[in-house]
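One-letter residues, chain by chain:
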Amino acid sequence: MQWTGVSPRHGTLGCSEAMSRQARQRRRRHNHAGPTRILLVGGGAIATVLVLGTIAAVGYVLHVAGTAPALSSLHPLLNGGSSQVFAADGTRLGFIQSDNVRSPVGWNEIPADLKNATVAIEDQRFYKNNGVDLTGIFRSAVKDIVHGAPLQGGSTITMQLVRNLYLGGDQRTLRQKIIEAKLAIDYNEHHSKRSILTSYLNSVPYGTVGGQTATGVQAAARIFFDKPAFQLDLEQSALLAGLPQAPSEYNPLRNPDAARYRRNEVLAKMAELHYITAAQASATERAPLQVHLGTFYSQRSEPFFFEYVREALEHRYGRQTIEQGGLKVYTTIDLNKQRLARRAIAEVLNQPEDPASAIVTLNPHNGDIEAMAESESYEQSQYNLAADGHRQPGSTFKAIDLADALSRGIDPNSTYYFSHTLAPGWLPTYPTYEVKTFEGTSLNKSINLVDATLASDNTVYAQLAADLGEETVTQTAYKMGVKTHLSSFPAEALGGLTLGVTPLEMADVYATLADGGWRNTPIAITKVVFPGGHVDSSWGTPHRVKVLSEGVTAEETSILHQNVLGGTATRSAINCPTAAKTGTTSELVDAWLDGYTPNYATVVWMGYPNRRVSMTDVHGEPQQGGYLPAEIWHDYMAAVTEGQPCVEFPQPKESLSYQPFFGKYASTGESLQAAQSSNESSAKRPAKKHPAHRTPQTAHEAPETHEAPPETHEAPATPAHEPNEPAAQPPAGKRGPQVSPTGGAEPRA
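As the structure is a computational prediction, the values presented were derived from the model and not from experiment.

Describing the sheet that holds strand 15 (residues 579-584)
Taken together, the five strands give an open sheet; going across it, the order is 8-7-17-16-15, and neighbouring strands pair in antiparallel fashion. One side of each edge strand has no neighbouring strand; the edge strands of this open sheet are strand 8 (369-374) and strand 15. Across this sheet, the average inter-strand angle for adjacent strands is 10 degrees, counted without regard to direction. Here strand 7 (residues 356-362) runs beside strand 8; their pairing, made up of five bridges, is antiparallel. Looking at the pairing, Thr361 lines up with Ala371 of strand 8. Seen against the sheet, helix 13 (residues 335-348) touches strand 7 and strand 8 and runs at an angle of roughly 35 degrees to strand 8. Against the sheet, helix 20 (residues 550-566) makes contact with strand 15 and strand 16 (590-596), and its axis sits at roughly 65 degrees relative to strand 15, the strand it touches most.

Next up, the structure:
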C-alpha cells in the first residue's frame, strides 16, 4: 500500500480547517454588517431628531415671533432729552436731574469716526443685513453653548435699537432675541440705515457716573470728555464706541486700563474693515484716554428758583413724567434782575458776619415772578428763603389792617386812636396781651390812622384791629395773598404770626395794592413744551381775582407813598414814585421793607436764617426795616428802574366812600376843633407828584427828613423808628405767637 504523503490525520485537519475558514468569513461578514447597520440606523435616528428638532425650533421661533407686538403698537420709552428749564430771555438755567441724562443730536453732529467705530465693533454687516445678522447670531450662540453662558452677542445695531426704544431691559433669553429680531426686521423695512444708526447713537447707554446714566453720544461726550459730540476725535470716538457692550466694565473713569484695552480693540477692528489705516490704528492706540469729567448736566443757574420750578412741575405732572425727560420749561425769571438783586444785597451786607437777605419781585399786573434771589449760596443751604422761609412779617402786616379798614369805609384822616401803652387787661378776651411802641415809649395822645401808619404805631393798630375784629383781618390777609394758615390772634394784626409768612407771600400782598386791588397768583412758569410738541400754556395764564376796590388801593398807596417821603421807609426812596412799609419783629430778629411802584412789587427781608439772633449791632446800629433792608431795596430798585421813565401811580376810576365809624377803642374825646384841623390839613394835601418834587411829611418821633435821595448812594435820611412787635401774651385757654429760633413763630407756654 502506497502513502500519498498526507497522513489521515493531516487530511482530516485540512478538511476541518477549510470548514472553519468559511465560518470565520461568514462571521466576519456578519460582524461587518452590524456596525454599518448601527450607523445607518443611528444616523437615521439622528437625522430624524434633527429634522424634528429643526421643525420644533422653527415652530417655536414662528410661535414667539407671532406673539411679538406690532411695531406700530409700541410707544418709545425714550421721550426726548433731559428736561430743561429756561429763563424769561430763553437762557437755559439747567437740566432737571434724573437717573438718565440725554440730549439727542442729528446725523451731522456725530463724527464719522464715531459712526464707523460703532458699526465696526457692534455690527460690521450693518449696511448689508435686513436688521438681523444670522451669521453673527449663530456664531454667538455656538460660543455661548460651548462656554455654558447665557445668550449674549449677536444682536445687530437694529436689534439693540428696538430693545432700547421699545422693550427696555437687557434680557439675554432666546425669546427676547426672537422678539428683537422680528421687530428689527420690521423696523429695518421702514427706516433708512442712516436713520437707524442716528437713533441708535442717541439711545444706547454708555455708562453711569454719579448715579446718572449717559444715554446717547451727546450725553456721553459731555460726561466723559466735557465737550459736545461733534468735537470728539478718533481715539475718543473709539473709546465711546466700545462702551455699550459692557458700560460698567469699560467705564474709563473707574477702569482706565480696561477702557484702553477695549478702545484699542475697536481701533483694530476699524483697521481690519478699512475704516482707518493700520498706521492710524497703531498711532492712536498709544494715545492717552483724554477723559475729563464734565458738569454740563449738573450745572444750574439760579438754583433756588430752579428748585421752586421743579417742585411745581412735579406737583402737577408727577416725578416720573419729569424725570423721563423731554420737557422744555419756560419761566418768568429775569436774569438781569437776579444779578441786580444779588449785587444790592452784597454791597450793603458786605461783612462776613452780616445777616442774610432775600428779595422777591413780582409783576403786579400778571403775577410773574421776575426775581427770587438771596444772599445764601445753594452750596451753603438748599433752603429757599424767598419762597419757603416763613418769618415774622412785623409791621409790614399793617398794610393788610389798613386795607381792611379802608374797605370798611373807615376814613384814615378822621379816625383817631389814643397812642399809649396798652397794659395787660386792655383787651378782655386776651387778658395778658400787652402792646408797646418802640423801646416802650408812647405818644400819649390821639393820632389818626395816617400818622399812625407813618409812625408805625403798634398801639394804634392794635386798637384798630380790635375794633375791626381778628377774623376780618385774617380774611383780608387771605384775599390779598397770604397762603399760610392764620389763627386770628390779636397780635397777628401787628405781624405776630404763629407760622410766619414768606417773602413771596408778602410780595403778592403788596402787588395786590400796586394793581388796583387785583390779586394775581404768583407765576413762575409760562409754558411747558412736551417731547411730542404739545404745549401746556396754562401755566402762564394769569389768575386774577378782584379783592379790593381801586379807591381803597389808591388811598392806601397815597399813605404808603407818604411813608417813603417822611415816615419809616425814607431810606428806600428812589427818584420815581414808590410806596412802602417797613417791618421789624421782637428783639430785632427780622427786618423787612415791602414796597412797590406801578410796575414792580418788591419785598426785602433780612435776618439770620438758622438761628434766633437779635440784630442789635449790624454795621454799628440796631437794625429795623427802615435801615439796611430799606437801603437794599433802594439800591436794587434804583438799578431796576434806571433808564426807564418814571410812572405815576394811576388815579382811581372809582372814589372811596367813607362811612361813619365808632369803634370801641377809637378816640371819642377828640375835640371837634382837632378833627376839623385834621380834615383841613388833609384837604390841603397836594396832589401826587414825583417824589423828588414833593415836600415829605414828617412822622412822629422821626428826625427831620430830606428830599428823596438821588441815586448817588449818599446816606439817606434817617427814618422814623420802627416799633418792635408786641410780646403778645396768650389769653387763658389760648396760645399766642412768639418768634421762634428759625424766624417762624411758636406757641408761648
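On we go from here.
A few points about the sheet that holds strand 4 (residues 205-209)
On the basis of which strands lie adjacent, the open sheet formed by three strands has the order 3-5-4 and mixed pairing. Edge positions in the open sheet fall to strand 3 (100-102) and strand 4, since each of these has one partner strand only. With strand direction ignored, the average angle separating the axes of adjacent strands in the sheet is 25 degrees. Relative to strand 5 (residues 212-215), strand 4 is paired through three bridges, and the arrangement is antiparallel. When the sheet's bridge partners are listed, Thr208 is paired in strand 5 with Thr213.

Examining empty space enclosed by the protein
Over the atoms rolls a probe the size of a water molecule, and its path tells where empty space is left. If you walk through the whole model with that rule in mind, you get six cavities of 30 Å³ or more. In this structure, the second largest cavity spans a volume of roughly 90 Å³. What lines the second largest cavity is simply Cys576, Pro577, Thr597, Pro598, Asn599, Tyr600, Thr641, Gln644, Pro645, Cys646 and Val647. Of the residues contributing to the lining of the second largest cavity, the split by class is seven nonpolar, four polar and no charged.

Examining the nonpolar core
Counting 84 residues, the largest nonpolar core has Leu313, Tyr433, Val528 and Tyr596 as its most contacted members. In terms of residues, this core owes the most to one element, helix 19 (residues 503-514), which gives eight residues. By size, the runner-up hydrophobic cluster in this structure holds 55 residues, among which are Phe95, Leu114, Val209 and Tyr250.

Criteria and thresholds
- The numbers attached to residues start from 1 for each chain and follow its sequence in the written order.
- In view of the model being predicted, local features appear only for residues whose pLDDT reaches at least 70, and side-chain atom pairs are presented and counted only at 80 or more, with totals across whole chains, interfaces and linings using the full set of residues.
- Hydrogens are left out, water is left out, and the side-chain values use all remaining heavy atoms of the structure.
- One requirement defines pairing of two strands: DSSP has to find at least two bridges between them.
- Secondary structure follows DSSP: runs of H or I at least 4 residues long count as helices, runs of E at least 2 residues long count as strands, and numbering of each begins at the N terminus.
- Every angle, taken between N-to-C directions, lies between 0 and 180 degrees, and every axis is a line fitted to C-alpha atoms, over only the stretch in contact when it is a helix.
- We call two residues contacting when some pair of their heavy atoms lies within 4.5 Å.
- Using protein atoms alone on a 1 Å grid, points that fit a 1.4 Å probe yet trap it form a cavity, whereas open point sets bounded by protein on both sides within 12 Å along at least five of seven lines form a pocket; residues with an atom within 4 Å of a point count as lining.
- Grid points are joined across faces, edges and corners, and a volume is the space filled by probe spheres set on the points.
- Throughout, the ten residues Ala, Val, Leu, Ile, Met, Phe, Trp, Tyr, Cys and Pro are labelled nonpolar, Asp, Glu, Lys and Arg are labelled charged, and all others, Gly among them, are labelled polar.
- Nonpolar cores are built from buried Ala, Val, Leu, Ile, Met, Phe, Trp, Tyr and Cys residues. Side-chain atoms within 4.5 Å join them into one set.
- Only protein chains enter the calculation, and the probe is 1.4 Å; a residue is then buried if its accessible area is under 20% of its type maximum, exposed if over 50%, and partly exposed in between.

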